[in-house]
Amino acid sequence: MKRKIAIFASGSGSNAENIISYFEKNDKFEFPLILSNKPDAYVHQRAKKLQIPSFYFSKESFIDGNEILDFLNTYKIDSIILAGFLLKVPEVLVQAFPNNIINIHPALLPKFGGKGMYGDNVHKAVKASGETESGITVHYVNEHYDDGNIILQVKCALNDLDTPESIADKVHGLEYEFFPKAIEQIWA
Ligand code: GAR
C-alpha cells in the first residue's frame, strides 16, 4: 500500500509541486491533499493544475489541531510534509504523527531558525550577518519551531555579491533537488 502524504503549504507551493511531480509515477507515495492556512495562496492554483484537492483551514483551526486531525484521519493520511508552511504544528498533530511530520527550512539550522524566520526573512538575515554559506535543512517536526532532529543538510557557498534574492535562488535550487530525495531516504 502506498504511503499517503498530506502537504501543508502557506505560500507559492513550488516545493509542493516539485515533490508531487517528482513522485508522479512512483509506487511508494501518494499525495491525496494539500492543506493551507491561506485561502488565496498560490499553492491552491498549483493543486488545481495537478488535480489534487486543496483545502483552506483558518489559523485558529490549525492552532487547535483537532479538526485538522479528524480531517487527516478521514483521508487515512500516514505522513505530513511542511513545504513552506508558516504556522507552528500543534502538539496534538505532533503526537498523532510521531516521526511522520517533516519540514524544510531554507537555511542551515540551528542558525536562522525560530519564530518569524521564514522565506525571505531568512535570506535577508543570512545576508545581513555576512555568512559565507547557506543551504537547506530537512528535519522532523516537534512542538517547537525548527527544532526537531535533522534528516539532511545541504550547503551552498555565498559571496559578497549575493543578495537575499540570489541566496533564495540558490536555496530553492537545493530544495528542488534534495527535498524529494530526503523523503525517499526516510519513507521509501
Ligand atoms: C521555501 O524556501 C521553504 O524552505 C521555506 O518557505 C519557502 C516556500 O517556498 N520555508 C520556511 O521558511 C519555513 N520556516 P514555496 O512555497 O515556493 O515552496
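The following refers to the structure shown. (Residues numbered from 1 in each chain as written. Predicted model: local features only at pLDDT ≥ 70, side-chain atom pairs only at ≥ 80, totals over all residues. Heavy atoms only, no water.)

**Digging into the overall build of the protein chain**
So, point 1. Helix and strand counts for the protein chain stand at seven helices and seven strands.
So, point 2. Compactness check: the protein chain gives a C-alpha radius of gyration of 16 Å against a globular reference of 16 Å for 188 residues, within 12% of the reference.
So, point 3. C-alpha extents for the protein chain along the principal axes are approximately 50 × 35 × 30 Å.
So, point 4. Burial status across the protein chain gives 49% buried among its 188 residues.
So, point 5. Restricting to contacts in the protein chain with at least 6 residues of sequence separation, those with at least 24 account for 68%.
So, point 6. For the protein chain, the accessible area works out to roughly 9500 Å², and carbon and sulfur atoms hold 49% of it. (Helix = DSSP H or I, 4+ residues; strand = E, 2+ residues; numbered from the N terminus. Rg over C-alpha atoms; globule rule 2.2 N^0.38 Å. Buried < 20%, exposed > 50% of the residue type's maximum accessible area, 1.4 Å probe, protein only. Contact = heavy atoms within 4.5 Å. Areas by Shrake-Rupley, 256 points an atom, 1.4 Å probe, with all protein chains shown as cover.)

**Overview of the site of the ligand**
So, point 1. In the neighbourhood of the ligand, 13 residues make up the surrounding shell, with G13, S14, N15, G119 and E175 lying closest.
So, point 2. With respect to the ligand, the backbone of G13 contributes an N or O atom lying 2.7 Å from an oxygen atom.
So, point 3. Protein contacts shield 91% of the accessible area of the ligand, which totals 450 Å² for the unbound molecule.
So, point 4. Secondary structure elements with two or more residues in the shell around the ligand: α1 (14-22), β5 (101-105) and α7 (164-187).
So, point 5. Here the shell around the ligand is composed, by residue class, of four nonpolar, eight polar and one charged. (Near = heavy atom within 4 Å. Polar contact = N/O pair within 3.5 Å; in protein donor to acceptor, adjacent residues only side chain to side chain. Nonpolar A, V, L, I, M, F, W, Y, C, P; charged D, E, K, R; others polar.)

**Overview of the sheet that holds strand β2 (residues 29-36)**
So, point 1. Within the open sheet, the seven strands sit side by side as β3-β2-β1-β4-β5-β6-β7. Their pairing is mixed. Across the chains shown, the open sheet's two edge strands, defined by having one partner strand only, are β3 (54-56) and β7 (150-157). Pairwise comparison of adjacent strand axes, ignoring direction, gives a mean angle of 20° for this sheet.
So, point 2. Looking at chain direction, β2 and β3 are connected through three bridges and run parallel. Residue pairing across strands places S36 opposite Y56, the latter belonging to β3. (Pairing = 2+ DSSP bridges. Axes fitted to C-alpha atoms, helices over the stretch in contact; angles between N-to-C directions.)

**Thoughts on the pairing of strand β6 (residues 133-140)**
So, point 1. Among the eight residues of β6, six are classified as buried, and the element is accordingly described as predominantly covered.
So, point 2. Bridge analysis of β6 against β7 gives seven bridges, and the strand direction is antiparallel. Note that in β7 the partner of I136 across the bridge is V154.

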